[in-house]
Amino acid sequence: RFEGITMAPPDPILGVSEAFRKDANEMKLNLGVGAYRTEELQPYVLNVVKKAENLMLERGENKEYLPIEGLAAFNKVTAELLFGADNPLIQQQRVATVQGLSGTGSLRLAAALIERYFPGAKVLISSPTWGNHKNIFNDAGVPWSEYRYYDPKTVGLDFDGMILDIKAAPEGSFILLHGCAHNPTGIDPTPEQWEKIADVIQQKNHIPFFDVAYQGFASGSLDADASSVRSFAARGLELLVAQSYSKNLGLYAERIGAINVVCSSSDAATRVKSQLKRLARPMYSNPPIHGAKIVANVVGDPSLFNEWKEEMQLMAGRIKSVRQILFDSLSAKDKSGKDWSFILKQIGMFSFTGLNKAQSDNMTNKWHVYMTKDGRISLAGLSAAKCEYLADSIIDSYHN
Ligand code: PLP
Ligand code: TYF
């Protein structure tokens, strides 16, 4: 009976890592997945994470089931990290926070809430966006369409197109926004542009839905990277925010994140939370404890929290430095006069190179540089030592 099942296509991002593992060439470079590597290109476990884990061992903590909504101490600190501990929203208990299975699981839970309580409502996603967004809304049965975002002519934001498309969406649509460090383009709106986006969303009674997977990775500052969310919240808007600790705490495989729903009253928040729990229960019953305890320990302890900020700046700083070296290399080597400054303007883990599919294939087939076919490279997987080689491969691919 399973004979009739056809082969599923590989994930366009995680499939790149699989292909990379099979390549025996010693110059190979994995710039596919957005996962932080050290200068030696090794995975990195943050020191604060090791410290928190040691504390947990010393305390002899148990592995009993968590409540459906997750670890209370985690839910408290995650909302505070996002909105700011002194945000009136928190004192007024207007935020329904439920621990999720990292960013993906939290988005999926929110999608289930939309499907159940806003039947027919559409989600607008940026063009392009993280590929899994479409899968998540498709599987949850939520209709979606795209708003213009990336302008290939300027390798920048198509702000006018974005505003027009958000204006044209049916009243009461959900507008999915990357809180900071847009994936895959590395292009964020300016603070003034965020205000205009909030204006149109408010005019059209849309509901902002933030995906915050890189808090700390855009600027190196956790607070600055939450400013888009905080400025929308300060307008008194109801909104959704999915959070992930995969990147900023390096907890990829622990699957720790949260969904936050900002409501107009604490009563509504209590009711929304009860419905999120009802949706979570038949999907996975309750979330895992390990990552939740790590986050609660790190964010909840002033000294570990400060150490985390330092490590965060180290990671974000290393990415900024390879960005600069790559730009310098490209500018020095490329004799065509092409302006590579867009690489410096982009932020976060990624750079959108503008390489098309055939050119990206050349990067991989000829140069053993693994990247997604949309031209995205993860600078988190690049070392200073490999920048020249990468610059050679990009120039060769562009001009052939
Ligand atoms: N949203 C965006 C934009 C992402 O890039 C990612 C991947 O890191 C996620 C959400 C979710 O990742 P995870 O499920 O590992 O938290
Ligand atoms: O865009 C990335 O590289 C990260 C990691 O199904 C990722 O978001 C990629 C694909 C996926 C899950 C995580």
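Values in this document were obtained by computation on a predicted structure and should not be read as measured data.

## Regarding the site of ligand 1
Near ligand 1 there are 14 residues, and of these Ser102, Gly103, Thr104, Ser244 and Ser246 occur at the shortest range. Sorting elements by how many residues they give to the shell around ligand 1 places helix H5 (residues 102-117) first, with 3 residues. The class makeup of the residues in the shell around ligand 1 is 3 nonpolar, 9 polar and 2 charged.

## Some points on unusual backbone geometry
For the peptide bond that leads from Ser127 to Pro128, omega is 0°, which places it in the cis range. In this structure, Pro128 sits in the loop between strand E3 (123-127) and helix H6 (132-140). Of note in the backbone geometry, Gln93 takes a positive phi value of approximately 50° without being a glycine. Within the fold, Gln93 resides in the loop between helix H4 (88-91) and strand E2 (95-101). At Ser102, a residue that is not glycine, the phi angle is positive and equals roughly 60°. Looking at the secondary structure, you find Ser102 in helix H5. What makes Ser102 buried here is the crowd of 25 C-beta atoms within 10 Å.

## Considering the site of ligand 2
All residues adjacent to ligand 2 are Asp11, Ile13, Leu14, Val33, Gly34, Trp130, Asn132 and Asn183. Looking at the shell around ligand 2 residue by residue, the class counts come to 4 nonpolar, 3 polar and 1 charged. Two domains each provide a minimum of three residues to the shell around ligand 2, namely domain 1 (14-45 + 305-398) and domain 2 (65-300).

## Overview of the domain arrangement of the chain
It is common to report an interface's size as the accessible area lost on association of the parts. Split into domains, the chain comes out as domain 1 (14-45 + 305-398) and domain 2 (65-300). The C-alpha centroid of domain 2 is placed 27 Å from the C-alpha centroid of domain 1. Facing the 23 residues of domain 1 at the interface are 22 residues of domain 2. It is helix H13 (residues 302-333) that provides the largest number of residues to the side of domain 1 that touches domain 2, a total of 7 residues. For the side of domain 1 that touches domain 2, the residue count by class is 13 nonpolar, 7 polar and 3 charged.

## What to know about the pairing of E3
Within E3, 4 of the 5 residues are buried, which leaves the element mostly enclosed by the surrounding structure. With 5 bridges joining them, E3 and strand E4 (residues 144-148) adopt parallel strand pairing. Residue pairing in the sheet places Ser127 in a bridge with Arg148 of E4. As a crossover connection, the stretch from E3 through H6 into E4 is right-handed. Relative to strand E7 (residues 174-178), E3 is paired through 2 bridges, and the arrangement is parallel. When the sheet's bridge partners are listed, Leu124 is paired in E7 with Ile175.

So, how was this worked out
- Residues numbered from 1 in each chain as written.
- Chains lettered and ligands numbered in written order.
- Predicted model: local features only at pLDDT ≥ 70, side-chain atom pairs only at ≥ 80, totals over all residues.
- Near = placed C-beta within 6 Å.
- Helix = DSSP H or I, 4+ residues; strand = E, 2+ residues; numbered from the N terminus.
- Nonpolar A, V, L, I, M, F, W, Y, C, P; charged D, E, K, R; others polar.
- Buried ≥ 20, exposed ≤ 12 C-beta atoms within 10 Å, placed from the backbone.
- Domains from an automatic or database assignment.
- Contact = placed C-beta atoms within 7 Å.
- Pairing = 2+ DSSP bridges.
- Right-handed = clockwise from strand over helix to strand, strands pointing away.

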